[in-house]
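Single-letter residue listing:
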Amino acid sequence: MTRARGKDVLEPSGQRRDKRNRVVHVFTEGRLTEPSYIDIMKQLLSEQRLPVEVHIANAGAGGSQRKPIDLVEAAVPLMHRLTREAERNRLREEIRPQVWCLFDRDDHQELGRAFKQARQGKVRIAFSHPCFEVWRLLHHKDVAGTFNQVCDLVTDRLPFRNEAEKIKEVYAEQVMGRYTEAKRRALRMNAQHGDHVPLPNRDPYTDVFHFVEQGLGITSY
């Protein structure tokens, strides 16, 4: 699925400052699953007339460029540039651009370094263990047990697992009307891990709802 990459133009201070949308740039590990979910969220933004624009920042990147550390190392300089432009144009905090990375635990190395660099560079992360499919599954049922970094164990629990075309791409009917329950289940699932447990070791875990609410401003669907 082809994704369009938007180019953002920050207007000079004083021009339509009260009508400007916040722009959110997203780097995704997946080439289809996360972008297709974001497409559904973009449609919601339009329907709800929320003042947020979303762009997939690495739409054209190949698989070898989609490890978490690669996403963060591309996201940090973008965040730095956008911050300088926002300060120069005196943008209010609520409409300043955001940069997010959505990635999974899987069997990736250097996750600790990715989290550290993102934190230092003010890039936000939505993280899932072992993979984004945990967030999809929570839209349908509670998640218990551990997955030991094996995403297929999560996929096998999806209610539409026997429909091959619906596994990689997210469809609206798979998530719509289910957000409140998905978030409630996620919070309960995440609560089983103590604060002392590093994020990469929390199995299972997802905080994609932070991206939905803090990044996109969507609180229900």
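Worth saying up front: this structure is predicted, and the values here are computed from it rather than measured. (Residues numbered from 1 in each chain as written. Predicted model: local features only at pLDDT ≥ 70, side-chain atom pairs only at ≥ 80, totals over all residues. Heavy atoms only, no water.)

## A closer look at the pattern of salt bridges
Move 1: Across all of its chains, the model carries eleven salt bridges by this definition.
Move 2: Measuring nitrogen to oxygen at the nearest pair gives 2.5 Å for the salt bridge that ties Arg113 to Glu110.
Move 3: A salt bridge links Asp142 to Arg188, with the nearest nitrogen and oxygen atoms 2.3 Å apart. With Asp142 in the loop between α4 (133–138) and α5 (151–155) and Arg188 in helix α8 (residues 179–190), this pair connects stretches of sequence that are 46 residues apart.
Move 4: Residue classification places Asp142 among the partly exposed residues on the basis of a relative accessible area of 44%. (Salt bridge = Lys/Arg side-chain N within 4 Å of Asp/Glu carboxyl O. Helix = DSSP H or I, 4+ residues; strand = E, 2+ residues; numbered from the N terminus. Buried < 20%, exposed > 50% of the residue type's maximum accessible area, 1.4 Å probe, protein only.)

## Considering the packing of aromatic side chains
Move 1: Per the stated rule, a full pass over the model turns up nine aromatic pairs.
Move 2: Plain terms: the ring middles of Tyr37 and Phe132 are 5.4 Å apart, the flat faces sit at 65 degrees to each other, and that makes the pair edge-to-face. Of this pair, Tyr37 sits in helix α1 (residues 33–48) while Phe132 is found in the loop between β4 (124–129) and α4, placing the two residues 95 residues apart along the sequence. Note on accessibility: Tyr37 and Phe132 belong to one class, buried.
Move 3: Note that Lys166 overlies the ring of Tyr171, its terminal NZ or CZ placed 5.9 Å from the centroid. (Phe/Tyr/Trp six-rings, centres within 6.5 Å; stacked < 30°, edge-to-face > 60°. Lys NZ or Arg CZ within 6 Å of the ring centre and 35° of its normal.)

## Digging into the state of the cysteines
Move 1: The final tally for this structure, using the stated rule, is one disulfide.
Move 2: Note on cysteine connectivity: Cys131 is disulfide-linked to Cys151, with sulfurs 2.0 Å apart. Taking the sign of the S-S torsion, about 80 degrees here, the bridge from Cys131 to Cys151 comes out right-handed. Taken together, the residues Cys131 in the loop between β4 and α4 and Cys151 in helix α5 connect sequence positions 20 residues apart. The burial state of Cys131 is the same as that of Cys151; both residues are buried.
Move 3: Cysteine Cys101 is unpaired, with the sulfur of Cys131 as its nearest cysteine sulfur at 18 Å. (Disulfide = S-S within 2.5 Å.)

Keep in mind these values describe shape, not function.
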